[in-house]
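Spelled out from the first residue to the last, the chains are:
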Amino acid sequence: DGGITQSPKYLFRKEGQNVTLSCEQNLNHDAMYWYRQDPGQGLRLIYYSQIVNDFQKGDIAEGYSVSREKKESFPLTVTSAQKNPTAFYLCASTSRRGSAQPQHFGDGTRLSIL
Amino acid sequence: KQEVTQIPAALSVPEGENLVLNCSFTDSAIYNLQWFRQDPGKGLTSLLLIQSSQREQTSGRLNASLDKSSGRSTLYIAASQPGDSATYLCAVSREEGKLIFGQGTELSVKP
């Protein structure tokens, strides 16, 4: 079955530590996205990538970094500069064929501070 | 700046009832509007996507409408079931693929 796999499901970060969240898709989608979800709030866009080796900042990119070396992979690093990293992180992808394609989401990674 | 609002924040109904969830947005220049379902601790599942040139989309017991001029969309759920209990999110696309989400409506359908 095609889909998006996020790992790990739960992640704990120590003070001053960088952590990396994995996102892999086998849908042959060109575009990939990272969102952050806080309790009682909608999703907010962190970074997105429309093509390999290219990515753009979303609305809340400070304290985060990404890479897109392969079409199927879009890892997100939460750096020590992100002072409030506790949240639910969701990865999504979509085909670039026009605006008629819905985004497909993974099951998320829940990040907490130790 | 585009803002998306969903009303109500929470809704509890008895099984079998028809219900309407509301979504409003401030900027009518959108590419499309999508409705998603989110179960606790899970990712989002796409329910319906309405392109900016369309007025409505239907899938089974779900019907979504779009009125761009007034900045509104509704999700109609017919004959609700306990399995419909989840959080429903609407999102508008401001550029291709970039979504802005509302805060969601938490739906509980009681048997």
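Residues numbered from 1 in each chain as written. Chains lettered and ligands numbered in written order. Predicted model: local features only at pLDDT ≥ 70, side-chain atom pairs only at ≥ 80, totals over all residues. Heavy atoms only, no water.

**Looking at the state of the cysteines**
The following threshold applies: For this text, the term disulfide refers to a pair of cysteine sulfurs within 2.5 Å. Put simply, DSSP H or I for four residues or longer makes a helix, DSSP E for two residues or longer makes a strand, and each gets a number counted from the N terminus. With a 1.4 Å probe rolled over the protein chains alone, any residue whose accessible area is under 20% of its type maximum counts as buried; one over 50% counts as exposed, and the rest are partly exposed.
Applying the stated criterion to the full structure yields two disulfides over all chains. Between Cys23(A) and Cys91(A) runs a disulfide, and the two sulfur atoms are separated by 1.9 Å. Its S-S torsion of approximately -75° makes the covalent link between Cys23(A) and Cys91(A) left-handed. One end of the pair, Cys23(A), is in strand 3 (residues 19-25); the other, Cys91(A), is in strand 9 (residues 87-94), with 68 residues separating them in the sequence. Take Cys23(A) and Cys91(A): they sit in the same class, and that class is buried. The disulfide partner of Cys23(B) is Cys90(B), and the S-S distance across this bridge is 1.9 Å.

**Quick notes on the sheet that holds strand 8 (residues 76-78) of chain A**
All names here are of chain A. Rule in force here: Whether two strands pair depends on DSSP finding at least two bridges between them. Only the stretch in contact is used when fitting a helix axis, every axis being a line fitted to C-alpha atoms; angles between N-to-C directions are given from 0 to 180 degrees.
With respect to topology, four strands assemble into an open sheet ordered 1-3-8-7, the strand pairing being antiparallel. Edge positions in the sheet fall to strand 1 (4-7) and strand 7 (64-66), since each has one partner strand and no second. Adjacent strand axes in the sheet meet at a mean angle of 20° when their direction is disregarded.

**Some words on the interface of chain A and chain B**
Just so we agree on the cut-off: Note on contacts: a residue pair is in contact if any heavy atoms of the two residues lie within 4.5 Å. By definition, the buried area sums, over both parts, the 1.4 Å-probe accessible area that each loses when the two are put together. The working definition used for a salt bridge is a side-chain nitrogen of Lys or Arg within 4 Å of a carboxyl oxygen of Asp or Glu. The classification used treats Ala, Val, Leu, Ile, Met, Phe, Trp, Tyr, Cys and Pro as nonpolar, Asp, Glu, Lys and Arg as charged, and all other residues, Gly among them, as polar.
At the interface, 25 residues of chain A touch 21 residues of chain B. Summed over both sides, the interface of chain A with chain B buries roughly 1800 Å², with 49% coming from carbon and sulfur. On inspection of chain A and its partner chain B, the count reaches zero salt bridges. Residue assignment for the side of chain A that touches chain B shows that the elements contributing at least two residues are strand 4 (31-37), strand 5 (43-51) and strand 9 of chain A. For the side of chain A that touches chain B, the element with the most residues is strand 5 of chain A, which contributes four residues. In the side of chain A that touches chain B, the residues fall into ten nonpolar, ten polar and five charged.

**Details of the sheet that holds strand 7 (residues 62-67) of chain B**
All names here are of chain B. In space, the five strands of this open sheet follow the order 1-3-8-7-6, with antiparallel pairing throughout. Looking at which strands have only one partner, the edges of the open sheet turn out to be strand 1 (4-7) and strand 6 (56-59). Each neighbouring strand pair of the sheet contributes to a mean axis angle of 15°, computed without reference to strand direction. Where strand 7 and strand 8 (residues 72-77) come together, six bridges link them in antiparallel fashion. The residue bridging Ser 65 from the neighbouring strand is Thr 74, located in strand 8.

The analysis is restricted to geometry; functional conclusions fall outside its scope.
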